[in-house]
Amino acid sequence: MANGVKFSLKLLIDEKKNKVVLAEANQDFVDVLLSLLTLPMGRIAGLLKDHKTVLDCYRNLNQSVSEMDIRHFESDDFKSMLLYPKSSKDIHRKKLKLNMCHTQPTEFFVCPSFSGSASCGSRAYSNFRTICTCGALMDAQIYVPEEEQVEKEIGGGDIADGVFINCRSSFIVTDDLKVTPNSICVLTSVLKDLGYTGYSDLQETLIDVGFEEVVTLLGCLFTSEAPLTSVFLRKTCMSSKSMHEMLSPPALKNGNANPGRACSVKVFVRKLDKKILYAECNEDFIDSLLTFLVHPLEMACSLSNDNTIFGCVGNLCRSQCRGAATTSCYLPDFYICSNNNLINYAHHSTTYECLIPHKAYSSRKVARYIDRSLSSSGNIVSMYPKLMSGTSLNCPHGFMMRKTKFVVSDDLTIIPMNSSSTISLLKKMKVDINDFEEYQISISKAELISILRASLISSSALTNGLSSLLVKKPKKET
């Protein structure tokens, strides 16, 4: 994945404190830095596979999808789209000098009769091969230029303006990743705010930064309050927040609650320490958990605690130099399904126009808008995503096969119940039968976000995310 690109950074270092005070960076590096916010969490977990203490739960979700038999998924495509999650900003990242996550181009399919004389009348497109309303397989591929797939023009029409930044400048990047366009006024203000009155204690160092350094910096977003110092001086700078502070529930924003939806889950809890050993659930809860893999970093942190759980991520999100192309955070349409809507995910539906030529040998043209002067050479029709009731018909119910039971461990390892032995699970718990108790709990948006938050900072996502529901004694069956 690394392409040998290097960026030059000038570090200002306090040698007495062994600390990076700030860095001067060019716009190409800052573009890459801001692009990290758009990476799906499943992709980030893959990039950080060698950072063993970071995102264990996400690696377990990835591995669970990888090892699960295809028959447990509603479609072959669903396993692939979870293993290799896409972002709404994939095309934007291709414009960068260093793309941290290469993805396959998004495909578009229509009904085989879409442009024929015997058309079924459907003008829907799908990003996967799925069933048309007429019953035919939508497997006729149609070409949609990448420049038509982006919501806003990249870089304002000039790549010199950058991709995720909105100005041509060099930048000041502080140790906690506050990014500001460079100027003498900004530099002196930052130094004064940090308590420096001069440069006598500060040393300038010029370094080269490439793919591996950016990956290490990405990992430090989850573990350090001073990523630049951690990466370039190899110094551990752990968060000063306690686990209790980081796990404290955020206030749900108005309009995001979905009180009508909940999943019923049975959990098995060790009496000694209230640790959740396993949970038994249906496919609806699994669909919600697997959606964690497709959250862009900005969305995951925003949902989990309004970007305060990781201060450096929040600082990047609040950077005033971010361009319009990167400030909208939503999931691609094809990830929205009825079983993962405990959270009302923001998503964006795109309608295209297609010129279907009168002459059979002529090629179709797809764009956001077709020049009406071309109507003499063919029919102009609208193409809309295959949606219904705010839910993608590519994925009508969810990713997983309906009426399937699953077992989920505390670290979010998922196993289909029909492919595992309950006897083996009991042995793996290493507890006597009398040492654990059973709870039947309801998972709604608040509980799911609590699990999401816990999965970002610990390997005990269920225990830390659902502990507030385990205060009451379980109801004994008669």
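Residues numbered from 1 in each chain as written. Predicted model: local features only at pLDDT ≥ 70, side-chain atom pairs only at ≥ 80, totals over all residues. Heavy atoms only, no water.

**Remarks on the overall build of the protein**
Across its full length, the protein carries 17 helices and 20 strands. Considering only contacts in the protein between residues 6 or more positions apart, those separated by 24 or more positions represent 71%. (Helix = DSSP H or I, 4+ residues; strand = E, 2+ residues; numbered from the N terminus. Contact = heavy atoms within 4.5 Å.)

**Considerations on helix H3 (residues 56-67)**
For H3, which comprises 12 residues, the first-to-last C-alpha distance of 16 Å matches the rise-based estimate of 16 Å (1.5 Å per residue) to within 8%. Turning to H3, its buried residues number three or more, namely Cys-57, Tyr-58, Arg-59, Asn-60, Leu-61, Asn-62, Ser-64 and Val-65. Those residues of H3 hidden inside the fold are in contact with helix H2 (41-47), helix H4 (76-83), helix H11 (283-290), strand S19 (414-416), helix H16 (445-457) and helix H17 (461-466). (Expected span 1.5 Å × (residues − 1). Buried < 20%, exposed > 50% of the residue type's maximum accessible area, 1.4 Å probe, protein only.)

**A word on the nonpolar core**
Ranked by internal contacts, the top residues of the largest apolar core, which has 109 residues, are Leu-9, Phe-29, Phe-222, Phe-285 and Leu-290. Apart from residues no more than four positions distant in its own chain, Phe-285 is found in contact with Cys-263, Val-265, Ile-443, Leu-448, Ile-451 and Leu-462. Counting residues in each nonpolar core, the second largest holds 13 residues, with Val-110, Phe-114, Ile-142 and Val-381 among its members. (Core = buried A, V, L, I, M, F, W, Y, C linked by side-chain atoms within 4.5 Å.)

**Some thoughts on the packing of aromatic side chains**
Taken as a whole and judged by the stated rule, the model has nine aromatic pairs. Ring centres 5.4 Å apart and planes at 50° place the aromatic pair Phe-108 and Tyr-125 in the tilted group. With a gap of 17 residues between them, Phe-108 in the loop between helix H5 (90-93) and strand S3 (109-110) and Tyr-125 in strand S4 (residues 124-125) connect regions that are remote in the sequence. An angle of 55° between the planes, with centres 5.0 Å apart, marks the rings of Phe-334 and Tyr-335 as tilted. (Phe/Tyr/Trp six-rings, centres within 6.5 Å; stacked < 30°, edge-to-face > 60°.)

**A few points about the environment of Phe-211**
In this fold, Phe-211 is placed in helix H8 (residues 211-220). Between the C-alpha atom of Phe-211 and that of Met-100, which follows or precedes it by 111 residues, the distance is 7.3 Å.

**Topic: the pairing of strand S2 (residues 19-25)**
Of all seven residues that make up S2, five are buried, and the element is covered over most of its length. Pairing between strand S1 (residues 7-14) and S2: five bridges, direction antiparallel. Its bridge partner being in S2, Lys-10 is matched across the sheet by Glu-24. The antiparallel pairing of S1 with S2 creates a hairpin that spans four residues between the two strands, and Asn-18 there sits at a positive phi of about 50°. For S2 and strand S8 (residues 171-174), the ladder comprises four bridges, and the chain directions are antiparallel. (Pairing = 2+ DSSP bridges.)

**Some remarks on the confidence of the model for the protein**
Residues of the protein with pLDDT of at least 70 account for 84%, and the chain-wide mean is 83. No element of the protein has a lower mean pLDDT than strand S17 (residues 391-392), which averages 44, and none a higher one than H3, which averages 96. For residues 252-257, every residue scores under 50 in pLDDT, and the model assigns this stretch 10 contacts once sequence neighbours within four places are set aside. Note on residues 388-394: pLDDT under 50 across the span, and 21 contacts to partners over four residues away in sequence or across chains. (pLDDT = per-residue confidence, 0-100.)

**Side note on the environment of Ser-363**
Turning to its location among the elements, Ser-363 is positioned in the loop between strand S13 (352-357) and strand S14 (365-367). Judged by relative accessible area, which is 63%, Ser-363 ranks as exposed. Sequence separation of Ser-363 and Tyr-143 is 220 residues, and the distance between their C-alpha atoms is 9.9 Å.

**Quick notes on the pairing of S13**
Within S13, six of the six residues are buried, leaving the element largely enclosed by the surrounding structure. Side chains of S13 alternate between two faces, with Tyr-352, Cys-354 and Ile-356 and Glu-353, Leu-355 and Pro-357 buried alike. Pairing analysis gives three bridges linking S13 to S14, with the strands arranged antiparallel. Bridge pairing in S14 places Cys-354 opposite Val-366.

**Let's talk about unusual backbone geometry**
Positive phi is not limited to glycine here, since Leu-177 has a value of about 65°. Inspection of the secondary structure assignment puts Leu-177 in the loop between S8 and strand S9 (179-181). Of the residues examined, Leu-177 reaches a relative accessible area of 0% and is grouped as buried. Its identity as a non-glycine residue notwithstanding, Lys-274 has a phi of 60°, on the positive side. Here Lys-274 lies in the loop between strand S11 (263-270) and strand S12 (276-281).

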